[in-house]
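Here are the chains, one letter per residue:
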Amino acid sequence: MRIDSLHPVISARLMVVDVDAPLRSAALSLSRPAIGLVVVCHGSGEAAGVLSKSDLVRHLANSGPTEAPIAALMSRSIASCGLDDDLHSVWQTMAAQGLQNVPVLGADSKPLGVLDIRDAMKALFKQEELQERLLANYISGIGYQ
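Quick summary incoming for the structure in this document. Keep in mind that what you see is a predicted model, and the values were worked out from it rather than measured.

1. A look at the layout of surface pockets
Any empty space left between atoms is shown by rolling a water-sized probe over those atoms.
Turning to step 1, where the next piece is worked out: The volume enclosed by the largest pocket comes to roughly 280 Å³.
Turning to step 2, where the next piece is worked out: Lining the largest pocket are 18 residues; nearest its centre among them are L37, S52, L99, Q100 and N101.
Turning to step 3, where the next piece is worked out: Secondary-structure elements contributing two or more residues to the lining of the largest pocket are β3 (47-52), α3 (53-61) and β4 (101-105).
Turning to step 4, where the next piece is worked out: Element by element, the count of residues in the lining of the largest pocket is highest for α3, at four residues.

2. Quick look at the nonpolar core
Turning to step 1, where the next piece is worked out: Core analysis: the largest hydrophobic core is formed by 16 residues, its most contacted members being V38, V40, L51, I70 and M74.
Turning to step 2, where the next piece is worked out: When contributions to this core are tallied by element, the ones reaching two or more residues are α2 (23-30), β2 (37-41), β3 and α4 (70-73).
Turning to step 3, where the next piece is worked out: Ranked by residues supplied to this core, first place goes to α2 with three residues.
Turning to step 4, where the next piece is worked out: In contact with M74, other than residues within four places in its own chain, are V19, V40, A48, G49, V50 and L51.
Turning to step 5, where the next piece is worked out: Membership of the second largest hydrophobic core comes to 14 residues, among which are L6, I10, V102 and I117.

3. Thoughts on the packing of α2 against α3
Turning to step 1, where the next piece is worked out: Direction vectors running N to C along α2 and α3 enclose 125°, while the axes themselves pass 10 Å from each other. Accordingly, the angle class assigned to the pair α2 and α3 is oblique. As for how α2 packs across α3, the hand of that crossing is left-handed. Residues L23, A27 and L30 of α2 pack against K53, L56 and H59 of α3.
Turning to step 2, where the next piece is worked out: Its residues assigned to classes, the contact of α2 with α3 shows four nonpolar, one polar and one charged.

Criteria and cut-off values
Per chain, the residues get numbers from 1 upward, laid out in the order the sequence is written. Residue-level local features of this predicted model are given only where pLDDT is at least 70; pairs of side-chain atoms are given and counted only at 80 or more, and the full residue set underlies all totals for whole chains, interfaces and linings. The side-chain numbers reported here are obtained from all heavy atoms of the structure, hydrogens and water having been left aside. A pocket, in this scheme, is an open set of points on a 1 Å grid over the protein atoms alone with protein on both sides within 12 Å along at least 5 of 7 lines, while a cavity is a set where a 1.4 Å probe fits but cannot get out; residues line either one if an atom lies within 4 Å of a point. Grid points are joined across faces, edges and corners, and a volume is the space filled by probe spheres set on the points. In this description a helix means any DSSP run of H or I spanning at least four residues, a strand means any run of E spanning at least two, and both kinds are numbered starting from the N terminus. For this analysis, a nonpolar core means a set of buried residues of the types Ala, Val, Leu, Ile, Met, Phe, Trp, Tyr and Cys, connected via side-chain atoms within 4.5 Å. For every residue, the accessible area (1.4 Å probe, protein chains only) is compared with the maximum for its type, and the residue is labelled buried under 20%, exposed over 50%, or partly exposed between those bounds. We call two residues in contact when some of their heavy atoms are within 4.5 Å. The axes used here are C-alpha line fits, helices contributing only the stretch in contact, and every angle between their N-to-C directions lies in the interval 0 to 180 degrees. Throughout this description, any angle smaller than 35 degrees is read as roughly parallel, any larger than 145 degrees as roughly antiparallel, any in the 65 to 115 degree range as roughly perpendicular, and the remainder as oblique. Handedness of a crossing is defined here by the sense of rotation of the near helix relative to the far one, left-handed for an anticlockwise turn of less than a right angle and right-handed for a clockwise turn. Only Asp, Glu, Lys and Arg are considered charged, only Ala, Val, Leu, Ile, Met, Phe, Trp, Tyr, Cys and Pro nonpolar, and every remaining residue, Gly among them, polar.

Here you go:
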């Protein structure tokens, strides 16, 4: 199963902020339900980094200035995936690295969406249930339906 099979879900989770935007812009995006990561972009639209809810909370918990620029807080090393990547492989990487969200980037490094690990798990479970049902039908003599 490829990441592009989840396109409606991942595109709905996409929040983008400019690298020069104030921290408040990212905080407003992260305050929306189901948004756990914002993709920070250059003016050209290419991803420059990411900022998670955890990054923001950690900054504020350490009495960081609320007017700090996003560029000072964002993670510049981006673990990302593309639409053609295998969902299971991306999920394994996310689990191994303890990531809740990863940006989905196009070939031009422009963001297309954000994959949440729960959405990946849900899709993988559905795929396994289908395989199980097909195998049970095959064994019981019904054949593939």
